[in-house]
Amino acid sequence: MKKLLIFTICFCFLLGGCNQGSVETISSNTVMSSQVYQSYHIKAEKGRTDITATFRVGGATGTTLELTEPGKISYNDAPLPVSAPGNLIGTNYRMKGTDYRSFSKNYRPAHVFSFTDNDGKTYINSINLLPLEISAANNLTLEASQPTAIQLSRAVAADEMLTIAINSIIEDQIPTDDNSVYFNKNRSAIIITPKYWQTKSIRAKAELEIKVKKNAIVSQGTPPGGSITAVYSAAPVYLSVGNAKPAPVNANTQTADDNSNKKPVTANANQQTDVAAPKPESKDDSPKLDSNSNSDK
């Protein structure tokens, strides 16, 4: 079943995405400006930001539009070039549909889109998403006997979503449905329980990937509306799989480590042991030692 799911995802990706709408395109001067739906997407990681703007007729799945003058689109005051069918931009090659794309080597938390329609009206929409990384202070070891805390570079805001993937292209939203991965109290760390990763056949190393996502509805738009999505991928890290650790004990409780340097004494019929001699019998009612018992004195 898992292999089938992965195959389906890859197949949909090759076709341009499941439920991503029409891949046909027409000129924006052939439709009413009041019917233009705006769609903006930011995909970022440390050292790279990819920006995409797409315009559709009537809604999120409508025919794509190629803007004609005076129609235009800019991102953070820089014009976005058109990515028409057959154009190669970055690693994306599309056979159909039209959108506007660019990329940057720097990341800025503020993302501002300015769209001018064919009637000359301008709509300005924005979204803010701070970068999020996995803290370098972590002890990156998955323990079989207890949950593992992964500290984040900042707390995850209430309007943000965090996903996790360990040795997988399948992302799980945090907290997971079975609460096997969850946030700490102030959402500045995630807690990974053994239940989550032990089903993944992880051996010595595991790659941990985390993404923070934020979605918003455009504040300035036509009746069909629009959406903005920003995704930031933290730099992946590798986790080690550790051995089970004993449960913590207090200072008055003896642990196995207390006698770790002592060899156990085994008594048999042909071997003497270091057992203390029994005390002579007293006249009072104090307890008596059995002559066949061993003492730790």
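Since the structure is predicted, the reported quantities are computational estimates derived from the model, not experimental observations.

A. The overall build of the protein, seen in detail. Along its length, the protein carries two helices and 21 strands. Across the 297 residues in the protein, those meeting the buried criterion constitute 34%. Considering only contacts within the protein whose residues lie at least 6 apart along the sequence, 62% involve residues at least 24 apart.

B. Quick peek at the packing of aromatic side chains. Enumeration over the complete set of coordinates arrives at seven aromatic pairs. A centroid spacing of 5.2 Å and a plane angle of 50° characterise the contact between Tyr75 and Phe113, whose relative ring orientation is tilted. Of this pair, Tyr75 sits in strand β5 (residues 72-75) while Phe113 is found in strand β11 (residues 110-116), placing the two residues 38 residues apart along the sequence. The exposure classification of Tyr75 matches that of Phe113, with both residues buried. Through pairs of rings, three or more aromatic residues link up here, namely Tyr40, Phe55, Tyr75, Tyr100, Phe113, Phe115 and Tyr123. Its end group placed over the ring of Phe103, Arg48 keeps NZ or CZ at 4.1 Å from the ring centre. Its end group placed over the ring of Tyr196, Lys200 keeps NZ or CZ at 4.6 Å from the ring centre.

C. Fine view of unusual backbone geometry. Going from Glu69 to Pro70, the amide bond is cis rather than trans, its omega being 10°. For Pro70, the location among the structural elements is in the loop between β4 (64-66) and β5. A cis geometry characterises the amide bond from Ile174 onward to Pro175, with omega recorded as 0°.

D. Seen up close, the pairing of strand β21 (residues 237-241). Bridge analysis of strand β13 (residues 141-142) against β21 gives two bridges, and the strand direction is parallel. In the sheet register, Leu142 faces β21, and the bridge partner there is Val241. Relative to β21, strand β19 (residues 205-217) runs antiparallel, the two being bridged by four bridges. Opposite Lys205, over in β21, you have Ser240 as the bridge partner.

E. How the structure looks around the sheet that holds strand β14 (residues 148-151). Taking strand neighbours across the sheet as the criterion, the three strands line up as β14-β18-β17 in an open arrangement whose pairing is antiparallel. Either end of the sheet is taken by a strand with one partner, and the two such strands are β14 and β17 (181-183). The average angle at which neighbouring strand axes cross in this sheet is 25°, direction not considered. In the sheet, β14 pairs with strand β18 (residues 189-192) via four bridges, with the strands oriented antiparallel. Note on β18: the bridge partner recorded for Gln151 is Ala189.

F. Main features of the confidence of the model for the protein. Summary statistics for the protein give a mean pLDDT of 78 and a share of 70% for residues scoring 70 or more. Here residues 1-18 is modelled with pLDDT under 50, and outside its nearest four sequence neighbours on either side it reaches six contacts, counting other chains as well. Low pLDDT, under 50, characterises residues 244-297; the predicted model gives this stretch 18 contacts beyond four residues in sequence or across chains.

G. Representation of the environment of Ser145 in the model. Summarising the element assignment, Ser145 is placed in the loop between β13 and β14. Along the primary structure Ser145 and Gly242 are separated by 97 residues, whereas in three dimensions their C-alpha atoms are 9.4 Å apart.

H. Geometry of the pattern of salt bridges. Applying the stated criterion across every chain yields a total of seven salt bridges. Here Arg48 ties to Asp50 by a salt bridge, and the two come within 2.9 Å at their closest N and O atoms. Among the ionic pairs, Lys213 bridges to Glu171, the shortest N-O distance being 3.2 Å. A residue pair is termed long-range when its members are at least 10 positions apart, and Lys213 in strand β19 and Glu171 in the loop between β15 (161-166) and β16 (172-174) qualify at 42 residues. Residue classification places Lys213 among the partly exposed residues on the basis of a relative accessible area of 21%. Put simply, Glu171, Lys211 and Lys213 are held in one network by salt bridges that share partners.

I. Region of interest: the nonpolar core. Counting residues in hydrophobic clusters, the biggest one holds 48 residues, and the most contacted among them are Phe55, Ile73, Leu162, Ile166, Ile190 and Ile192. In contact with Phe55, other than residues within four places in its own chain, are Val36, Tyr37, Gln38, Tyr40, Thr63, Thr64, Leu65, Leu67, Ile73, Tyr100 and Phe115.

Cut-offs used in this document
Residues numbered from 1 in each chain as written. Predicted model: local features only at pLDDT ≥ 70, side-chain atom pairs only at ≥ 80, totals over all residues. Heavy atoms only, no water. Helix = DSSP H or I, 4+ residues; strand = E, 2+ residues; numbered from the N terminus. Buried < 20%, exposed > 50% of the residue type's maximum accessible area, 1.4 Å probe, protein only. Contact = heavy atoms within 4.5 Å. Phe/Tyr/Trp six-rings, centres within 6.5 Å; stacked < 30°, edge-to-face > 60°. Lys NZ or Arg CZ within 6 Å of the ring centre and 35° of its normal. Pairing = 2+ DSSP bridges. Axes fitted to C-alpha atoms, helices over the stretch in contact; angles between N-to-C directions. pLDDT = per-residue confidence, 0-100. Salt bridge = Lys/Arg side-chain N within 4 Å of Asp/Glu carboxyl O. Core = buried A, V, L, I, M, F, W, Y, C linked by side-chain atoms within 4.5 Å.

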